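Each chain is listed here by its residues.
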Amino acid sequence: MTRKRAITCGRARTLSSVWKSHTIIECEMIIPRKGHGDKPVRDSVSIMPAGGRRSRPKCGQDLTFPEHPRYHVGMHARPSLPPMSLELTLALSIMAMGTLFACAKPVSTIDLSMFLQMGRWMWEHGRLLEVEPFSVSALGERFINGTWLSQCALYWAYLLGGYPALRLLLSALVLVTLAAVAWQSIPFGARLAVVGVCFAFAFLLQNLAIRPQMFSFALFAIIHLLLGRFPSRRFTPFVLFGLMAIWTNLHGAFPVVMAFPAAFGMQALLEERQGKAGTTGASPQRWLFLLAVLVAATMVNPYGPWIYSYFFENSSMPATRGLSEWLPPSPGTFLGARFFLAAIAVVALLAWKRHHLRACDVALFLAFFVLALGSQRMIAWWGLVVPPILGRGLAGEAPQVRMRPEPQQLHTGIGWVMILFWVVVWARTLPEVLDTRVGPTGDYAGLDDDTPARVATYLSSHGGGRMFHRLEWGGYLAFRLWPTSQPFIDIRVWIFSDDVWDSYVSASRGEQGWEELMARYGIGTLVLCIGIQDGLIDAARQDGDWTETYSDDQAVVLIHNE
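Residues numbered from 1 in each chain as written. Predicted model: local features only at pLDDT ≥ 70, side-chain atom pairs only at ≥ 80, totals over all residues. Heavy atoms only, no water.

Some points on the overall build of the chain
Here is step 1 of the chain: When helices and strands are counted, the chain shows 18 helices and ten strands.
Here is step 2 of the chain: Out of the 562 residues in the chain, the part that is buried amounts to 51%.
Here is step 3 of the chain: Counting contacts in the chain only where the partners sit at least 6 residues apart, residues at least 24 apart contribute 70% of the total.
Here is step 4 of the chain: Taken as a whole, the chain presents about 26600 Å² of accessible surface, with 61% of it coming from carbon and sulfur. (Helix = DSSP H or I, 4+ residues; strand = E, 2+ residues; numbered from the N terminus. Buried < 20%, exposed > 50% of the residue type's maximum accessible area, 1.4 Å probe, protein only. Contact = heavy atoms within 4.5 Å. Areas by Shrake-Rupley, 256 points an atom, 1.4 Å probe, with all protein chains shown as cover.)

Listed below in structure tokens is the structure:
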């Protein structure tokens, strides 16, 4: 049933119109309301002439309804759908796809489990964990726990809803990251904003794991947005200080964001000396002040300036010990080939368009490109930095362009159909993600195939004691079995000495001296990975002091004969 309301005074701007027996107008209407000022209303409005010659309002025409109107105006009870553009539809679809991918992806426990175990320990003991209690090869070692806040946050989320809550947390952080990238790129046009979101998501894919680094991506994108769009606002220093203080206690990648105020400040100084109009949105003094704010915020942590030593150790030691994601990208791998091809394509596009790039844009592009050349893990930072640089290079100094231009019925219909599609997909996916029932492996069914869930379930009922195992399994075994069983080593390679690391690598190959290593640390159980530690599996099977008690297609358990 259509409800109509007479309007005796008001103004409207026509957005679209159809001429039938009367005129149907999609418009934004300003209706004066007593005590409330002018209230804008967007709706479908039917206008019927009260007399005289009919005139068809044109799109964009301003209409005025005086105190004694020629027109009787009726508002339909059901408002029209908010207008959408194809660009907005694509951007929302990419964000929905990214968050869905993050949510539905199997949970990797390589990093997550040890951080959950550390968060659990701090929750139970009520203090900061700074002395190693888990891995037998580093018992009693002091270390800088630079990610203590993320460990607590991950464990709190786990307490709240188990692994499904952690998956939803990852999805939310991915959404925040992509939205910040879109907002950063939108001044150069809606289409380039879509390209930027696609670009960023393509290089986030390799790092979509539930671990402290996921907090860094979201904070990096937000701080980049603040510095790129709002450097002169009054609230910016306060927001930057708070975000940076939190980031410093969440993950060790916080120093990378210092590159932005440094590069923008040098650009502002260069333009000031050349007498050109500033393009960074702030003076050199302002950029220096913002850099000082960021540096000061990093001191808000339990270790003061020593937190930087954690950053440098965590950045260099994994690479020297050959962990795969810390190795330089190779053109012979899919990840490396994608990175180098993307870099070549970006440079070619910028050279073809020939818009003038600022010195700071070139500096940031090269700085993060060199960082990515040093480690595959760093490619994601480059993927987050490039979108606004690419937008400026392709569009030049473009004016503000909104994601929602003048509405078009077809585009709006497509947009809302796509939104309905993603709602249906999410509705079908969420029940499986939120299902917390234990699977056939003895743990959450959503864990990835590399998780040693079956062997951990076996050890939980048969005992393990001190165990030698694959490096990547240490955190999960500690989370499932500690304190009745203790792992030998785990993924936190920066807390283990070179001697321990070399001994682990040598023993995993079954090289001479592995028996002495087990005796030195009192190892009574070997939990070995088939295909990774085959040398030690063969050596232990041939040694009469070890008895095989369990095996599956993933792991073998051998117990030392007393």
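A short note on the sheet that holds strand S10 (residues 555-560)
Here is step 1 of the chain: Pairing is mixed in the open sheet, where five strands are placed in the order S7-S6-S8-S10-S9. In the strand order of this sheet, the two ends are held by strand S7 (485-486) and strand S9 (546-551), each with one partner.
Here is step 2 of the chain: With three bridges joining them, strand S6 (residues 465-469) and strand S8 (residues 525-529) adopt parallel strand pairing. Bridge pairing in S8 links phenylalanine 468 to leucine 526. (Pairing = 2+ DSSP bridges.)

A short note on unusual backbone geometry
Trans peptide bonds make up most of the peptide bonds, and negative phi angles are found at most residues other than glycine.
Here is step 1 of the chain: Residue proline 483 follows tryptophan 482 across a cis peptide bond; omega there is 10°.
Here is step 2 of the chain: Positionally, proline 483 belongs in the loop between helix H15 (474-481) and S7.

A short note on the packing of helix H2 (residues 112-125) against helix H3 (residues 148-185)
Here is step 1 of the chain: Viewed as axis vectors pointing N to C, H2 and H3 meet at an angle of 105°, and their least axial separation amounts to 8 Å. As far as their axial angle goes, H3 and H2 are roughly perpendicular. Of H3, the residues touching H2 (which contributes Leu112, Phe115, Leu116, Met118, Gly119, Arg120, Met122 and Trp123) are Trp148, Gln151, Cys152, Leu154, Tyr155, Trp156, Tyr158, Leu159, Tyr163 and Leu166.
Here is step 2 of the chain: Tallied by class, residues from the contact of H2 with H3 come to 15 nonpolar, two polar and one charged. (Axes fitted to C-alpha atoms, helices over the stretch in contact; angles between N-to-C directions. Parallel < 35°, antiparallel > 145°, perpendicular 65-115°, else oblique. Nonpolar A, V, L, I, M, F, W, Y, C, P; charged D, E, K, R; others polar.)

Notes on the packing of aromatic side chains
Here is step 1 of the chain: Counted according to the given criterion, the structure contains 33 aromatic pairs.
Here is step 2 of the chain: On the numbers, 6.3 Å between centres and 75° between planes, the contact of tryptophan 123 with tryptophan 156 is edge-to-face. Taken together, the residues span a long stretch of sequence, with tryptophan 123 in helix H2 and tryptophan 156 in helix H3 at a distance of 33 residues.
Here is step 3 of the chain: Ring geometry for phenylalanine 339 and tryptophan 382: centres 5.1 Å apart, planes at 85°, overall edge-to-face. Note that phenylalanine 339 is positioned in helix H10 (residues 334-353) and tryptophan 382 in helix H12 (residues 379-395), a separation of 43 residues in sequence.
Here is step 4 of the chain: Within the aromatic cluster, the residues linked to one another by ring pairs are Phe199, Phe203, Phe339, Phe340, Phe365, Phe369 and Trp382. (Phe/Tyr/Trp six-rings, centres within 6.5 Å; stacked < 30°, edge-to-face > 60°.)

A look at helix H5 (residues 213-229)
Here is step 1 of the chain: Counted at 1.5 Å a residue, the expected span for H5 with its 17 residues is 24 Å, and the 24 Å between its end C-alpha atoms agrees.
Here is step 2 of the chain: Most of H5 is tucked away: 14 of the 17 residues are buried. (Expected span 1.5 Å × (residues − 1).)

A closer look at the environment of alanine 478
Here is step 1 of the chain: Inspection of the secondary structure puts alanine 478 in helix H15.
Here is step 2 of the chain: Judged by relative accessible area, which is 0%, alanine 478 ranks as buried.
Here is step 3 of the chain: Along the chain, alanine 478 and serine 113 lie 365 residues apart, while their C-alpha atoms are 7.8 Å from each other.
Here is step 4 of the chain: Setting aside residues up to four positions removed in sequence, alanine 478 forms contacts with Met114, Gln117 and Pro487.

Considerations on the packing of helix H14 (residues 453-462) against H15
Here is step 1 of the chain: Contact geometry for H14 and H15: axes closest at 10 Å, N-to-C directions at 35°. Our pair here, H14 against H15, has a crossing hand that is right-handed. Packed against H14, whose contacting residues are Ala453, Ala456, Thr457, Leu459 and Ser460, the element H15 presents Tyr476, Leu477, Arg480 and Leu481 at the interface.
Here is step 2 of the chain: Its residues assigned to classes, the contact of H14 with H15 shows six nonpolar, two polar and one charged. (Left-handed = near helix turned anticlockwise from the far one by under 90°.)

Considering the nonpolar core
Here is a general trend for soluble globular proteins: nonpolar side chains tend to be buried in one another's company.
Here is step 1 of the chain: The biggest cluster of nonpolar side chains holds 148 residues, and the ones touching the most others in it are Trp247, Trp382 and Phe468.
Here is step 2 of the chain: With twelve residues, H3 is the single largest residue contributor to this core.
Here is step 3 of the chain: Formed by seven residues, the second largest nonpolar core is a distinct cluster that contains Ala96, Leu100, Cys103 and Val425. (Core = buried A, V, L, I, M, F, W, Y, C linked by side-chain atoms within 4.5 Å.)

With respect to the environment of glycine 228
Here is step 1 of the chain: Mapping glycine 228 onto the fold places it in helix H5.
Here is step 2 of the chain: The spacing of glycine 228 and glutamine 184 is 44 residues in sequence and 7.1 Å in space, taken between C-alpha atoms.
Here is step 3 of the chain: Residues within four places of glycine 228 in sequence aside, it is in contact with Gln184 and Phe264.

Comments concerning the pattern of salt bridges
Here is step 1 of the chain: Under the definition given, this model contains 14 salt bridges.
Here is step 2 of the chain: Here arginine 191 and glutamate 87 are joined by a salt bridge, their closest N and O atoms 3.4 Å apart. Taken together, the residues arginine 191 in helix H4 (residues 190-204) and glutamate 87 in helix H1 (residues 86-104) connect sequence positions 104 residues apart.
Here is step 3 of the chain: The residue arginine 392 makes a salt bridge to aspartate 361 at a minimum N-O spacing of 3.6 Å. Highlighted residues: arginine 392 in helix H12 and aspartate 361 in helix H11 (residues 359-374), separated in sequence by 31 residues. The burial state of arginine 392 is the same as that of aspartate 361; both residues are buried.
Here is step 4 of the chain: A single salt-bridge network, built from bridges that share partners, covers Glu132, Asp490 and Arg492. (Salt bridge = Lys/Arg side-chain N within 4 Å of Asp/Glu carboxyl O.)

Describing the pairing of S8
Here is step 1 of the chain: Most of S8 is tucked away, with five of its five residues classed as buried.
Here is step 2 of the chain: Judged by which residues are buried, S8 turns out to be covered on both faces: Thr525, Val527 and Cys529 on one side and Leu526 and Leu528 on the other are all buried.
Here is step 3 of the chain: Relative to S10, S8 runs antiparallel, the two being bridged by five bridges. Bridged to threonine 525 within S10 is isoleucine 559.

Observations concerning the confidence of the model for the chain
Here is step 1 of the chain: Here the chain shows a mean pLDDT of 82. Residues at 70 or above account for 82%.
Here is step 2 of the chain: Least confident of the elements in the chain is strand S1 (residues 10-19), whose mean pLDDT is 40; most confident is helix H6 (residues 236-250), at 96.
Here is step 3 of the chain: Taken as a whole, residues 1-79 scores under 50 in pLDDT and shows 165 contacts with residues more than four places along the chain or in a different chain. (pLDDT = per-residue confidence, 0-100.)

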